[in-house]
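Secondary and tertiary structure notes
For reference, the chains in residue letters:
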Amino acid sequence: MSRLTVYPENNPGTPRLRTEEPEVIAATLRQVGVRFERWDFPGELSPDDTSDTILAAFRPHLDALMGECGAGTADVIRLRGATEAYPAMRQKFIDEHTHTEDEIRFFVHGAGNFVLHLNGEVYDAHCTEGDLISVPAGTKHWFDAGTAPYCTVLRVFTDTTGWTPHYTGEKISALFPVS
Ligand SMILES: [Fe+2]
């Protein structure tokens, strides 16, 4: 189930909000300029389906989204358990960073947390199947799917060079383990 937990940035132990209501999650994130919505699932999709099958299934959603935001490409990324390469990959995702384009993700299977750091607060969004989240360009954030990740995620890009992080050098993610 999707969940949003909001903390003061200087008080990791005391959330001011914790909700599993999609409408409340969307409204809370909208207040800080972050898009969150639930997409209808286009029938049955297996975790073993190819990237092309998944992209084709969501094509109507993607076409509408890409028309709205001017994005040009989409692909599928899978995280499956604690592979040898995963710890280094996880560290790249979990260090606080920004991008020069919106980071737009849709969770097809599994779950992961986008954690946003803005306006003196930390917004930990636990995203699950059916969730779309768009982190605006320039917003400090990180991503974590835990030590044994399991997710299939659509990525939508406007910048054709792909995923490029600009690290802030802040170690704040260590203070806010995802929940
Ligand atoms: Fe990012």
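You'll find the structure just up there.
Before going into details, it helps to say that this report is about the structure given with it. The residue numbers shown here count from 1 along each chain, following its written sequence. pLDDT decides what is reported in this predicted model: residues at 70 or higher carry local features, side-chain atom pairs at 80 or more are listed and counted, and totals for whole chains, interfaces and linings draw on all residues regardless. For side-chain calculations, the full set of non-hydrogen atoms in the structure is used, while hydrogens and water are omitted.

1. Quick notes on the coordination of the iron ion
Short version of the rule: Each metal site lists N, O and S donors within 2.8 Å (3.2 Å for Na, K and Ca). With water left out of the atoms, a site can look as if it is missing ligands. Each label reflects the angles at the metal, where four donors whose angles all fall between 85 and 135 degrees are tetrahedral, four or six donors whose opposite pairs open beyond 155 degrees and whose other angles stay between 65 and 115 are square planar or octahedral respectively, and the rest are irregular. Each residue gets one of three labels from its accessible area relative to the maximum for its type: buried under 20%, exposed over 50%, partly exposed in between, using a 1.4 Å probe on protein chains only.
In the first shell of the iron ion, the protein supplies His97 (NE2), His99 (NE2), Glu103 (OE) and His141 (NE2), at 2.0 to 2.1 Å from the metal. One can describe the donor arrangement at the iron ion as irregular, given that its four donor atoms subtend angles of 81 to 171° at the metal. All donors to the iron ion come from one chain, and their sequence spacing reads H-x1-H-x3-E-x37-H. Of the two residues, His99 and Glu103, both sit in the buried class.

2. Considerations on the side chain of Asp95
Worth spelling out the cut-off: In this description a helix means any DSSP run of H or I spanning at least four residues, a strand means any run of E spanning at least two, and both kinds are numbered starting from the N terminus. The charge count treats Lys and Arg as positive and Asp and Glu as negative. His and the chain ends do not count. Basic side-chain nitrogens of Lys or Arg form a salt bridge, by our definition, when they fall within 4 Å of a carboxyl oxygen of Asp or Glu. By the criterion applied in these results, polar contacts are pairs of N or O atoms within 3.5 Å in which, for protein atoms, one can donate a hydrogen and the other can accept it, and in which residues neighboring in sequence qualify only through two side-chain atoms. The contact rule is simple, with two residues in contact once any of their heavy atoms fall within 4.5 Å.
Mapped onto the fold, Asp95 is located in the loop between α4 (86-94) and β5 (97-98). Buried and unpaired, Asp95 has no salt bridge, with Lys171 as the nearest side chain of opposite charge at 4.2 Å. Within the local environment of Asp95, its side chain forms a polar contact with the side chain of Gln91, the two groups lying 2.9 Å apart. Each residue touching Asp95, except ones within four places of it in the same chain, is listed here: His141, Trp142, Tyr167, Lys171 and Ser173.

3. Observations regarding α4
Counted only if it meets this: Read the arc as the range of directions from the helix axis to the C-beta atoms.
The set of residues buried in α4 consists of Tyr86, Phe93 and Ile94. Across the axial projection of α4, the buried residues extend over an arc of 90°, all falling on one side. Tucked into the core, α4 has its buried residues touching β4 (73-80), β5 and β9 (140-144).

4. Details of the pairing of strand β6 (residues 103-118)
Going by this rule: Strands are treated as partners if at least two bridges between them are detected by DSSP.
Among the 16 residues in β6, 15 count as buried, and that is most of the element. Across four bridges, the pairing between β6 and strand β8 (residues 131-135) is antiparallel. Bridged to Ile104 within β8 is Ser134. Here β6 runs beside strand β10 (residues 150-157); their pairing, made up of six bridges, is antiparallel. Bridge assignment links Phe107 to a residue of β10, and that residue is Val153. Inspection of the sheet shows β6 paired to strand β7 (residues 121-128) by eight bridges, in the antiparallel sense. The residue of β7 that forms the bridge with Ala111 is Thr128.

5. Digging into the packing of aromatic side chains
Applicable threshold: Between 30 and 60 degrees the pair is tilted, below 30 it is stacked and above 60 it is edge-to-face, where a pair is any two Phe, Tyr or Trp rings, Trp via its six-membered ring, whose centres lie within 6.5 Å.
One pass over the full model with this rule turns up 10 aromatic pairs. Where Trp39 meets Phe106, the ring centres are 4.6 Å apart and the plane angle is 25°; that geometry is what we call stacked. Here Phe106 lies in strand β6 and Trp39 lies in the loop between β3 (35-38) and α2 (51-57), a separation of 67 residues in the sequence. Using a relative accessible area of 1% as the deciding quantity, one classes Phe106 as buried.

6. Overview of the pattern of salt bridges
Using the criterion set out here, one finds nine salt bridges in the structure. One salt bridge in this structure joins Arg16 and Glu121, with 2.6 Å as the shortest N-O distance. Of this pair, Arg16 sits in the loop between β1 (3-8) and β2 (17-19) while Glu121 sits in strand β7; the two residues are 105 residues apart in sequence, bridging distant segments of the chain. Arg90 is the partner of Asp144 in a salt bridge, and the nearest nitrogen-oxygen pair spans 2.8 Å.

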